[in-house]
Number of protein chains: 2
Amino acid sequence: MHILLTNDDGIHAPGIKALVKSMKSIGEVTVVAPDNEKSAIGHAITIHSPITVKHTRLIDDEVNAYAVHGTPADCIKLAVEVLLSKNLPDIIISGINSGPNLGTDVIYSGTVSGALEGSMMGFPSIAISMSRSQFESYDHAALFVSKIASRVLDCSKISPIAFNINYPVCDEKEVKGTKVTKLGVRKYRNNFIRRKDPRGNWYYWMNGEPENLTQDENSDITAVSNNYISVTPLHFDLTSYDILDKIKWLENENMEY
Amino acid sequence: MHILLTNDDGIHAPGIKALVKSMKSIGEVTVVAPDNEKSAIGHAITIHSPITVKHTRLIDDEVNAYAVHGTPADCIKLAVEVLLSKNLPDIIISGINSGPNLGTDVIYSGTVSGALEGSMMGFPSIAISMSRSQFESYDHAALFVSKIASRVLDCSKISPIAFNINYPVCDEKEVKGTKVTKLGVRKYRNNFIRRKDPRGNWYYWMNGEPENLTQDENSDITAVSNNYISVTPLHFDLTSYDILDKIKWLENENMEY
């Protein structure tokens, strides 16, 4: 199995190193990841400036790696269309992100966009995220991914699925199991801190804690807060099919003006 | 009606000016838009650097405007939570984008993310895009938005809808009408041009024409190519509900390792 890894915390982040180590035990690993942190970059791609690439090696020179001056979505496009075009990956894994990617927040996530871009290009893909204090390890989450990877490949044979995985904030012995979930709802309060710069101009820092909303019992947010690993299948069709019939009045709009 | 305008081409782009002019005739307009071009920025938000804001006025000093050093999604968050918190908008409109935002491409679009962020925050929202040669005008597309805005408001009373509108590449007299559509599929070929920099290092430019795929007859791509204005309702729930039952095997995964 050829495994392509990316992330949004940058190629030298501890989360991706934990994934390299665990995935090396089940196949050939190539890393194509941003050369610096790209958190909250969403599904941005770089079309107005050139993308530079540095070839390197990771983990005792054993793993082929490319540091890309671009976004996670850039990394996946460049990997599939240029860098690995003669040795395509079987599966794409993005992470392990430092911090959760839950509920409506996934739309802002560079980690998730790496996996979503993978599935858009036809590859089974996994995004994995966890909150980690400095004393905790990514190893168990990385091991979990390596254990499910071949079955993810199997069940993606008909159409490639993007899995969004969140590992709970607890010791590995306290993990109760795995839940297949839907995305919950995240809203933030007091998002902006206002300060003056040295020249007297106001500027703003985006900030904010998620509001404590009632969540669906089958949501990813509920699963993780109950110490389950949450797995949500994602798609990239933003059409709101439920609404189509309700806005048919637009087709009768008179265009004579 | 208080109308909040944003875009991803920057506050001085001609597309947003056409919108300001047409929307001024039906209500109070405030512009909160990026201070420079942010095409293909997706749903990125700025969390690792401060966001500066310059207050200005547009169109003969008649319209209140803020130039934001950030993304379209930043603009909407900042507008709702800070700049317009005491005079909230009734509707949010993003555009008019220079170039189409069709099919799977919408996931990369800054214009669409402005509208989607609006609907995530509870506001009825419209993204509007068109291909425009230098001899064509945004005026008819802008007029179309002003004509439908109050009905968009009405039908969003139960839950706020984000509308993705694409105006066809034709003279306004050739526009056949409006179609309510779903997103089509876009794929690109030969996406990267490789060049050497002055120091002998390779770099890449993302490029590529969309492949000529067979499109669903109800897709946005089909509608626009037949000279219809396409309107697609969008949602922001990336859960792939069809897949949930097919990956229940994950819940039986043995975690003892």
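The structure reproduced in this document is the subject of the present report. Being a predicted model, the structure only gives us computed values, none of them experimental.

### Description of empty space enclosed by the protein
Throughout the structure, instances matching the rule amount to 1 cavity of 30 Å³ or more. If you add up the space inside the largest cavity, you get close to 140 Å³. Forming the boundary of the largest cavity are 18 residues, of which H43(A), I107(A), L238(A), H43(B) and I107(B) lie nearest the centre. Of all the secondary-structure elements, those providing two or more residues to the lining of the largest cavity are helix 3 (110-120) of chain A together with helix 3 (110-120) of chain B.

### Details of unusual backbone geometry
All names here are of chain A. Note that the residue after G95, namely I96, is joined by a cis bond; omega there is -10 degrees. Positive phi, close to 65 degrees, is recorded for N227, a residue that is not glycine. Position of N227 among the secondary structure elements: in the loop between helix 5 (220-225) and strand 13 (228-234). A residue is classified by how much of its surface remains accessible, and N227, at 18% relative accessible area, is buried.

### Regarding the interface of chain B and chain A
Between chain B and chain A, the residue contacts involve 79 residues of the former and 79 residues of the latter. Buried area between chain B and chain A, both sides added, is near 7600 Å², and the carbon and sulfur share of it is 71%. Remark: the boundary between chain B and chain A carries 0 salt bridges. Summed over the shared surface of chain B and chain A, the number is 24 residue pairs in polar contact (both at pLDDT 80 or more). Sorting the residues of the side of chain B that touches chain A by element identifies strand 3 (51-58), helix 2 (72-83), helix 3, helix 4 (139-155), strand 8 (177-180), strand 11 (202-206) and strand 13 (228-234) of chain B as the ones contributing at least two each. Looking at which element gives the most residues to the side of chain B that touches chain A, the answer is helix 4 of chain B, with 8 residues. In terms of residue class, the side of chain B that touches chain A is built from 47 nonpolar, 17 polar and 15 charged. Inspection of the sheet shows strand 11 (residues 202-206) of chain A paired to strand 3 of chain B by 2 bridges, in the antiparallel sense.

### As for the nonpolar core
Core analysis: the biggest nonpolar cluster contains 66 residues, and V32(A), L78(A), L83(A), V32(B), L78(B) and L83(B) have the highest contact counts within it. Contact partners of L78(B), with chain neighbours within four places excluded, come to F192(A), Y204(A), I51(B), V53(B), V68(B) and L83(B).

### Digging into the sheet that holds strand 1 (residues 2-6) of chain A
The 11 strands are arranged 8(A)-13(A)-7(A)-6(A)-5(A)-1(A)-2(A)-4(A)-3(A)-11(B)-10(B) in an open sheet whose pairing can be described as mixed. Each edge of the open sheet carries a strand with a single partner, namely strand 8 (177-180) of chain A together with strand 10 (192-196) of chain B. Recorded for the sheet is a direction-independent mean angle of 25 degrees between the axes of neighbouring strands. Most of the contacts of helix 2 (residues 72-83) of chain A go to strand 2 (residues 28-34) of chain A, to which it runs at about 130 degrees, and overall it touches strand 1, strand 2, strand 3 (51-58), strand 4 (63-68) and strand 5 (91-98) of chain A together with strand 10 and strand 11 of chain B. Of the strands in this sheet, strand 1, strand 5, strand 6 (125-130), strand 7 (162-167) and strand 13 of chain A are in contact with helix 3 of chain A, which crosses strand 6 of chain A at around 170 degrees.

### Quick notes on the pairing of strand 1 of chain A
Residue and element names in this part refer to chain A. When you tally the buried positions in strand 1, you get 5 out of 5 residues, the bulk of the element. Of the two faces of strand 1, the one lined by H2, L4 and T6 and the one lined by I3 and L5 are each fully buried. Inspection of the sheet shows strand 1 paired to strand 2 by 4 bridges, in the parallel sense. Directly across from I3, in strand 2, lies its bridge partner V29. For the segment spanning strand 1, helix 1 (residues 14-24) and strand 2, crossover handedness is right-handed. Across 4 bridges, strand 1 lies against strand 5 in parallel orientation. The partner of T6 across the bridge, within strand 5, is S94.

### Digging into the sheet that holds strand 10 (residues 192-196) of chain A
Strand order across the open sheet formed by 11 strands is 10(A)-11(A)-3(B)-4(B)-2(B)-1(B)-5(B)-6(B)-7(B)-13(B)-8(B), with mixed pairing between neighbours. Each of the sheet's edge strands pairs with one partner strand only, and the pair in question is strand 10 of chain A together with strand 8 of chain B. Sheet twist, expressed as the average angle between the axes of neighbouring strands with direction ignored, equals 25 degrees. As defined by bridge partners, strand 10 of chain A adjoins strand 11 of chain A across 5 bridges and the pair is classed as antiparallel. When the sheet's bridge partners are listed, F192(A) is paired in strand 11 of chain A with M206(A). Helix 1 (residues 14-24) of chain B rests against strand 1 (2-6), strand 2 (28-34), strand 4 (63-68), strand 5 (91-98) and strand 6 (125-130) of chain B of the sheet, and its axis sits at about 140 degrees to strand 5 of chain B.

Conventions we followed
Residues numbered from 1 in each chain as written. Chains lettered and ligands numbered in written order. Predicted model: local features only at pLDDT ≥ 70, side-chain atom pairs only at ≥ 80, totals over all residues. Heavy atoms only, no water. 1 Å grid on protein atoms, 1.4 Å probe; cavity = no way out; pocket = protein on both sides within 12 Å on 5 of 7 lines; lining within 4 Å. Points joined across faces, edges and corners; volume = space filled by probe spheres on them. Helix = DSSP H or I, 4+ residues; strand = E, 2+ residues; numbered from the N terminus. Buried < 20%, exposed > 50% of the residue type's maximum accessible area, 1.4 Å probe, protein only. Contact = heavy atoms within 4.5 Å. Buried area = accessible area lost by both parts, 1.4 Å probe. Salt bridge = Lys/Arg side-chain N within 4 Å of Asp/Glu carboxyl O. Polar contact = N/O pair within 3.5 Å; in protein donor to acceptor, adjacent residues only side chain to side chain. Nonpolar A, V, L, I, M, F, W, Y, C, P; charged D, E, K, R; others polar. Pairing = 2+ DSSP bridges. Core = buried A, V, L, I, M, F, W, Y, C linked by side-chain atoms within 4.5 Å. Axes fitted to C-alpha atoms, helices over the stretch in contact; angles between N-to-C directions. Right-handed = clockwise from strand over helix to strand, strands pointing away.

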